[in-house]
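Observations on chain architecture
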Amino acid sequence: MASHDLLPFLTMVIVQLGYAGMNIISKLAMDSGMNPFVHVAYRQIFATISIAPFAYFLERKTRPKLTPSILFQIFLCSIFGVSMNQITYFVGLKNTTPTIACALSNLTPAVTFLLAIPFGLERVGLGTKAGQAKMLGTILCVGGAMLLSFYHGSIVPIDQPNIHWKYAQDMTENKSSTNHGNFMLGPFLLIVSAVSWGVWSILQARVSMDYAAPYSSSALMCLMASFQCLIIGFCFDHNLSDWSLRHSIRAVSAIYAGVVCTALAYCLMSWCIERKGPLYVSVFNPLLLVIVAILSWALLQEKIYIGTVVGSVLIVLGLYGVLWGKNNEMKPIKFDEEIGGEIKGDKEKEKKDMAMQLYEGNSIIVHATK
């Protein structure tokens, strides 16, 4: 592997390892009794603090004017892309396993494709191989999600490894004796999380066109979400002692999620997008599922079921089907750009630009706020 290919590859592996750590640590924090609403609120606060310096120093000279219309669009993005998305994701994670949570998060491209069709940002194109691949991929993703959500089957006969993380073992034993997750509610909320992210992608496509300052818009989005999540969190948990971060795993989980999985991940993936394109970032999504499945099995003693394995495989195959179809649709546009061809008509150009922004935003920031 050439050096110019090795660095982006290693960067994306590091990003996926970072997100795998977030899923494991967040699960342990919530198993220790941390309310997921409290976790999400703290994450937005730490994320805002982390992104704000990048927004100020990198975009202070290029930041467009912030109009009331753009501010309202960012507000809607904060509701769907952060508050609703993360609350449903982490409450779903609390009621299921990290492996299932990561598997269902791979529904996002398929859900976004379905939601983008009515807005004219995507076309079905069943007469083309690309359109057929996207539709078949969407069906496989949805089918895999349904199978994974409602069917467990027998346990895969794999012996547990002799790896003992005492803290994780104590939390696992405590959970098994005091807290039984709702394995119907968990997958349902994770699917809602994917749908809310699809809605955010539609909104973010417009924000990216009108306000070309990704760090500033992300900082504003996280700031607004901080207030939203604090209000929602206090509505569900009035006890101030539950908001304490004196418990080490809770503090580590909140800071880790905000700093590593929002600010740092955003910067790293933006760097990769500039060099390798949005599809390159997207194809690493299933790697997170594999890493989390291995870590959950090894550290959290998570049992692996036939339904989880088959459903995850279907979702990953469907994901690659959607990405392959999208990539083949974008090739003619890229070819036109390479030979200096210009797209005729302002409306047609705006639609294609919007589709590209949607595709890029779904690839990059889906990780940055998950």
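Residues numbered from 1 in each chain as written. Predicted model: local features only at pLDDT ≥ 70, side-chain atom pairs only at ≥ 80, totals over all residues. Heavy atoms only, no water.

Concerning the overall build of the chain
Selection rule: Helix and strand labels come from DSSP, where a helix needs a run of H or I of at least four residues and a strand needs a run of E of at least two; each type is numbered from the N terminus. Exposed residues in this analysis have more than 50% of their type's maximum accessible area, buried residues have under 20%, and partly exposed residues fall in between, with area computed by a 1.4 Å probe over protein chains only. Contact definition: two residues touch when any of their heavy atoms are within 4.5 Å. Here the Shrake-Rupley method, with its probe set to 1.4 Å, supplies the accessible areas, and only the displayed protein chains count as covering residues.
Within the chain, the secondary structure is distributed over 14 helices and 0 strands. Beginning at the N terminus, the succession of helices and strands in the chain can be written as α-α-α-α-α-α-α-α-α-α-α-α-α-α. Considering the chain as a whole, with its 370 residues, one finds that 52% of them fall into the buried category. Across the chain, contacts joining residues at least 24 apart in sequence account for 90% of those joining residues at least 6 apart. Carbon together with sulfur atoms contributes 68% to the accessible area of the chain, which is approximately 16,900 Å² in total.

Re a nonpolar patch on the surface
Selection criterion: Each patch is assembled from residues with relative accessible area greater than 30% and no salt bridge, linking like charges that lie within 9 Å and nonpolar side chains (Val, Leu, Ile, Met, Phe, Trp, Tyr) that lie within 5 Å. The salt bridge criterion pairs a side-chain nitrogen of Lys or Arg with a carboxyl oxygen of Asp or Glu, the two atoms within 4 Å.
Together, Tyr-151, Ile-306, Val-309, Val-310, Val-313 and Leu-317 make up an exposed nonpolar region whose accessible area comes to about 490 Å². Relative to the helices and strands, Val-310 is located in helix α13 (residues 306–338).

Concerning the side chain of Ser-216
Among the structural elements, Ser-216 can be located in helix α9 (residues 214–236). Here Ser-216 falls in the buried class, since its relative accessible area comes to 4%. In this view, Ser-216 contacts Ala-55, Glu-59, Arg-63 and Tyr-211; residues no more than four positions away in its chain are not counted.

Considerations on the packing of aromatic side chains
How we decide: Between the rings of Phe, Tyr and Trp (Trp by its six-membered ring), a pair exists once the centres lie within 6.5 Å; its type follows the angle of the planes, with under 30 degrees stacked, over 60 edge-to-face, and the other angles tilted.
Scanning the entire structure with this criterion turns up 9 aromatic pairs. Measuring from centroid to centroid gives 5.0 Å for Tyr-56 and Phe-57, while their planes differ by 85°, and the two rings are edge-to-face. Here Tyr-56 falls in the partly exposed class, since its relative accessible area comes to 46%. With a relative accessible area of 55%, Phe-57 lands in the exposed category.

What about the packing of helix α2 (residues 36–59) against α9?
For the record, the criterion: What counts as an axis is a line fitted to C-alpha atoms, over the stretch in contact for a helix, and the angles between N-to-C directions run from 0 to 180 degrees. Should an angle fall under 35 degrees it is called roughly parallel, over 145 degrees roughly antiparallel, and 65 to 115 degrees roughly perpendicular, with every other angle called oblique. Crossing handedness is defined as follows: a turn of the near helix away from the far one that is anticlockwise and smaller than a right angle gives a left-handed crossing, while the clockwise case is right-handed.
α9 packs onto α2 with a crossing angle of 160° between their chain directions and a minimal axis gap of 7 Å. Regarding the angle of α2 to α9, the classification is roughly antiparallel. With respect to the hand of their crossing, α2 and α9 are arranged in left-handed fashion.

Notes on the confidence of the model for the chain
Note the threshold: Each residue carries a pLDDT value, the predictor's own confidence for that position, ranging from 0 to 100.
Of all residues in the chain, 80% attain a pLDDT of 70 or more, and the chain-wide mean is 79. Contacts for the low-pLDDT stretch residues 357–369, under 50 throughout, to residues beyond four places or in other chains number 52 contacts.

Digging into the environment of Leu-190
Tracing the backbone shows Leu-190 in helix α8 (residues 185–210). Along the chain, Leu-190 and Gly-92 lie 98 residues apart, while their C-alpha atoms are 5.4 Å from each other. With residues near it in sequence (within four places) discarded, Leu-190 still touches Thr-88, Tyr-89, Gly-92, Leu-93, Thr-96, Ile-100, Ala-101 and Leu-104.

Observations regarding the side chain of Gln-73
With respect to the secondary-structure elements, Gln-73 resides in helix α3 (residues 68–94). Residue Gln-73 is classed as buried on the basis of its relative accessible area, which comes to 15%.

Overview of the nonpolar core
Rules: Nine residue types can take part in a nonpolar core, namely buried Ala, Val, Leu, Ile, Met, Phe, Trp, Tyr and Cys, and a core is a set of them joined through side-chain atoms within 4.5 Å.
Core analysis: the biggest nonpolar cluster contains 57 residues, and Met-12, Tyr-19, Met-22, Phe-90, Leu-104, Leu-107 and Met-269 have the highest contact counts within it. Considering each element in turn, this core owes the most residues, 10 residues, to helix α1 (residues 3–31). The contact partners of Met-12, leaving out residues within four places of it in the chain, are Met-269, Cys-272, Tyr-280, Val-281 and Phe-284.

Overview of the environment of Ala-213
The topology assignment puts Ala-213 in the loop between α8 and α9. For Ala-213, a relative accessible area of 1% translates into the label buried. Ignoring sequence-local partners within four residues, the contact set of Ala-213 consists of Glu-59, Arg-63 and Pro-64.

Some points on the packing of α2 against helix α10 (residues 248–276)
What counts here: Gly counts as polar in this scheme, as do all residues outside two lists: the nonpolar Ala, Val, Leu, Ile, Met, Phe, Trp, Tyr, Cys and Pro, and the charged Asp, Glu, Lys and Arg.
Across the interface, α2 lies against α10 with an axial gap of 8 Å and an inter-helix angle of 40°. Classified by the angle between their axes, α2 and α10 sit oblique to one another. In this structure, α2 meets α10 at a crossing whose hand is right-handed. Of the residues in α10, those touching α2 at His-39, Tyr-42, Arg-43, Phe-46, Ala-47, Ser-50, Ile-51 and Phe-54 are Ser-253, Ala-254, Ile-255, Ala-257, Gly-258, Val-259, Cys-261, Thr-262, Ala-263 and Cys-267. Looking at the contact of α2 with α10, its residues break down into 12 nonpolar, 5 polar and 1 charged.

What to know about the state of the cysteines
We apply this condition: Pairs of cysteine sulfur atoms within 2.5 Å are identified as disulfides in what follows.
Under the defined criterion, the tally for this structure stands at 0 disulfides. Not part of a disulfide, Cys-229 finds its nearest cysteine sulfur in Cys-222, a span of 9.5 Å.

A look at the environment of Pro-214
Note that Pro-214 resides in helix α9. A relative accessible area of 38% places Pro-214 in the partly exposed class.

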